[in-house]
Amino acid sequence: MQKLILAIESSCDETAAAVYGSDAGVLSNELFSQIDLHAKYGGVVPEIASRSHIEKINPIVQQALDKAGVALEDIETFAVTQRPGLPGSLLIGVSFAKALAGALNKNIIGVNHLEGHVFSACIENDIPFPFICLTASGGHTALYYVTGFGDYQVIGQTTDDAAGEAFDKVAKLIGLPYPGGPVIEKLAAQVDFEDFFNYPRLKNHTTLDFSFSGLKTAVLYDLVKKDLYNLKDKKFLAHGDVHLQQQVASSLLVCIGDIFERTIERAFKQHPEAKALAFVGGVACNSYLKNRFKDTMAKRKKEFYFPSPRYCTDNAAMIAFVANYKAQKNEYSDLSLDIY
Ligand code: KG4
Ligand code: ZN
C-alpha cells in the first residue's frame, strides 16, 4: 500500500500544504499567498507573515487533505520546512507539524527549503544525473551540482541580493507593484525584450557566483543622471511614464538574462559531464529566461528542465517530494526538530 506524506511549507509569505503518495505522487498542493498583505510595503513584513500563517495553517492543511480525499489518520509521515526562512514563519509550520506527528504518533521529517527548490523540477520530470540547477527566487540565487536525490553541492551563489530581489527592488524604484518579476516581464515583452540602457554585466567575472545589488544601484544612478529620480526624497519622478518603465524593465531583464547565461556557460565548462540544466524558484516563472536557457542548452546539446509555475514559487509539494525520498532512505527526524 502506498505511503502518504503531508507536507507543510511556511518559511516566508506562503502558507502551503500538500499530500503526496509514494506511488501516486502529488495528490494535492494547496496554498495561501500573502502577497496582497505585503504589497503595500514593497516586500515581506515578518511580523505580518507569522500572524497570517497562524490564521491560515489549519484551513490550508484541511484543504490539502480534502483535495487529496484522505483523512489525517491516513497520513504516515508529516514533513515540514525547517530551514532557511523567517524564524517566526518557520516556527509556525514546524510547531504545527510536530503537534500532529506527536499527537497521532506518526513520523516527522524536517526539510531544507532550498533542497525542495533544487528537486522541484523532478516532480514532473525524470532528470538525468548529474545535472546543474539554477535556483532563483526572492530570497536565494544559487547554482547546484546535483548527483542524486539528496546529493547536491552549491557551486555558485549570490554574494548579495537574490535575482528576484533585484526585480522586486527595481520595480519598487520605478513605481511598479510587488512582486516585481511578473510585471517587469510583462512590460519588457511590450518592447520586445530590447536592451535600451545596457546596465553593467561584470565583464571580467570568472567565478560561478552572482551579484545583483550593484545592478540595482546602477539602475538607480542611471535614473538620477537622467533627472528621473530624486535621491534626497527617494522619489521616482516619472510616475505614469509607461514607456520609461518598459525600457527599464526590458533592460533589466536582458541584463539579468546575460548574467545568468554567462554563469551557466561557465558552470557547464567546469562540469562538462553534467547532462542537463534545471531552472527553479519563483524567477523560473519567467518565460523570456526559460526561452533563452532552452536555446543555450540546445546549442550545448544538453537537456533543459523547469517546473510548472505552481512548483516554481514556494509550495509544499516540493517539500513532500524531498520527504518522500528521505523516507525511502529512512532519514526521519524526531520531535526535537527545530528551525534554522
Ligand atoms: O520562490 P518565490 O515564490 O519565493 C521565494 O522563495 O522568494 O519567488 C518569488 C520571487 C519574487 O522576487 C518575484 O519577483 C519573482 O520570484 N518572480 C519572477 C517572476 N515571477 C515571480 N521574476 C521574474 N519573472 C517572473 N515572471
Ligand atoms: Zn523559496
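Everything below is about the structure printed above this text.
Nothing here was measured: the structure is a model prediction, and the numbers come from that model.

How each quantity is defined
Residues numbered from 1 in each chain as written. Chains lettered and ligands numbered in written order. Predicted model: local features only at pLDDT ≥ 70, side-chain atom pairs only at ≥ 80, totals over all residues. Heavy atoms only, no water. Pairing = 2+ DSSP bridges. Helix = DSSP H or I, 4+ residues; strand = E, 2+ residues; numbered from the N terminus. Axes fitted to C-alpha atoms, helices over the stretch in contact; angles between N-to-C directions. Contact = heavy atoms within 4.5 Å. Phe/Tyr/Trp six-rings, centres within 6.5 Å; stacked < 30°, edge-to-face > 60°. Buried < 20%, exposed > 50% of the residue type's maximum accessible area, 1.4 Å probe, protein only. Donors = N, O, S within 2.8 Å, 3.2 Å for Na, K, Ca; no water. Tetrahedral: all angles 85-135°; square planar, octahedral: opposite > 155°, others 65-115°. Parallel < 35°, antiparallel > 145°, perpendicular 65-115°, else oblique. Left-handed = near helix turned anticlockwise from the far one by under 90°. Near = heavy atom within 4 Å. Polar contact = N/O pair within 3.5 Å; in protein donor to acceptor, adjacent residues only side chain to side chain. Areas by Shrake-Rupley, 256 points an atom, 1.4 Å probe, with all protein chains shown as cover. Nonpolar A, V, L, I, M, F, W, Y, C, P; charged D, E, K, R; others polar. Disulfide = S-S within 2.5 Å.

Go over the sheet that holds strand 4 (residues 77–83), please, and point to the residues and values.
Consider a sheet: its strands pair through backbone hydrogen bonds, and that pairing is either parallel or antiparallel. Pairing is mixed across the open sheet formed by five strands, whose spatial order is 3-2-1-4-5. The open sheet has two free edges, formed respectively by strand 3 (25–33) and strand 5 (107–112), since each of these has just one partner strand. On average, each strand axis in the sheet is inclined to that of its neighbour by 20 degrees, with strand direction left out of account. Taken together, the six bridges between strand 1 (residues 4–9) and strand 2 (residues 14–21) define a ladder with antiparallel strand orientation. Residue pairing for strand 2: Glu9 is matched across the bridge by Ala16. Across the face of the sheet, helix 3 (residues 87–104) comes into contact with strand 1, strand 4 and strand 5 while running at roughly 155 degrees to strand 4.

So what's going on with the packing of aromatic side chains? Which residues, and what values?
Inspection of the entire model under this criterion finds 21 aromatic pairs. Aromatic side chains Phe197 and Tyr199 sit 6.0 Å apart centroid to centroid with 50 degrees between the ring planes, which places their arrangement in the tilted category. Owing to a relative accessible area of 3%, Tyr199 belongs among the buried residues under this scheme. With a centroid separation of 5.6 Å and an interplanar angle of 45 degrees, the aromatic rings of Phe304 and Phe306 are classed as tilted. Take Phe304: its relative accessible area is 15%, and that puts it in the buried class. Put simply, the rings of Tyr20, Phe119, Phe129, Phe131, Tyr144, Phe149, Tyr152, Phe321 and Tyr325 pair up and form one aromatic cluster.

Residue-level account of the coordination of the zinc ion (ligand 2), with values.
Protein coordination at the zinc ion (ligand 2) comes from His113 (NE2), His117 (NE2) and Asp314 (OD), with a distance range of 2.1 Å. Geometry at the zinc ion (ligand 2) is irregular, judged from its four donor atoms and the angles of 89 to 139 degrees they form at the metal.

Give a description of the sheet that holds strand 12 (residues 303–305) that names residues and reports values.
Read from one edge to the other, the open sheet built from five strands follows the order 8-7-6-11-12, with strand pairing classed as mixed. Two strands bound the open sheet, and with one partner strand each, they are strand 8 (151–157) and strand 12. Taken over all neighbouring pairs, the strand axes of this sheet differ in orientation by 20 degrees on average, direction set aside. Summarising the sheet, strand 11 (residues 276–280) and strand 12 pair through three bridges and their orientation is parallel. What sits directly across from Leu277, in strand 12, is Phe304. Docked against the sheet, helix 8 (residues 242–270) engages strand 6 (131–136), strand 7 (141–148), strand 8 and strand 11, running at close to 155 degrees with respect to strand 6.

Describe the packing of helix 5 (residues 163–173) against helix 8, and please don't skip the residues or the numbers.
For the pair helix 5 and helix 8, interaxial distance at closest approach is 11 Å and the crossing angle is 165 degrees. One element, helix 5, and the other, helix 8, form an angle in the roughly antiparallel class. Of the two possible hands of crossing, helix 5 and helix 8 adopt the one that is right-handed. Taken together, the residues of helix 8 that come into contact with helix 5 (itself represented by Ala163, Ala166, Phe167 and Val170) are Val248, Leu252, Leu253, Ile256 and Phe260.

Can you tell me about the site of ligand 1, naming the residues and giving the values?
Surveying the vicinity of ligand 1 reveals 20 residues, the closest of which are Gly138, Asp168, Gly181, Glu185 and Asn286. Interatomic distance of 3.5 Å between a side-chain N/O atom of Ser137 and an oxygen atom of ligand 1. In this structure, a nitrogen atom belonging to ligand 1 sits 2.9 Å away from a side-chain N or O atom of Asn286. Out of a free accessible area of 560 Å², ligand 1 has 91% covered by protein chains. Of the residues forming the shell around ligand 1, the biggest block, four residues, is contributed by helix 6 (residues 180–190). Considering only residue class, the shell around ligand 1 consists of six nonpolar, eleven polar and three charged.

If you had to explain the environment of Leu100 to someone new, which residues and values would you point to?
Position of Leu100 among the secondary structure elements: in helix 3. When its relative accessible area of 14% is taken as the criterion, Leu100 is described as buried. It is 8.9 Å that separates the C-alpha atoms of Leu100 and Leu72, two residues lying 28 residues apart in sequence. With residues up to four places along the chain from it excluded, the contact list for Leu100 reads Leu72, Phe78 and Asn105.

Explain the state of the cysteines to me, using residue names and the numbers behind them.
Two cysteines joined by a covalent bond between their sulfur atoms form a disulfide. Under the definition given, this model contains zero disulfides. Free cysteine Cys12: the closest other cysteine sulfur is in Cys285, separated by 15 Å.

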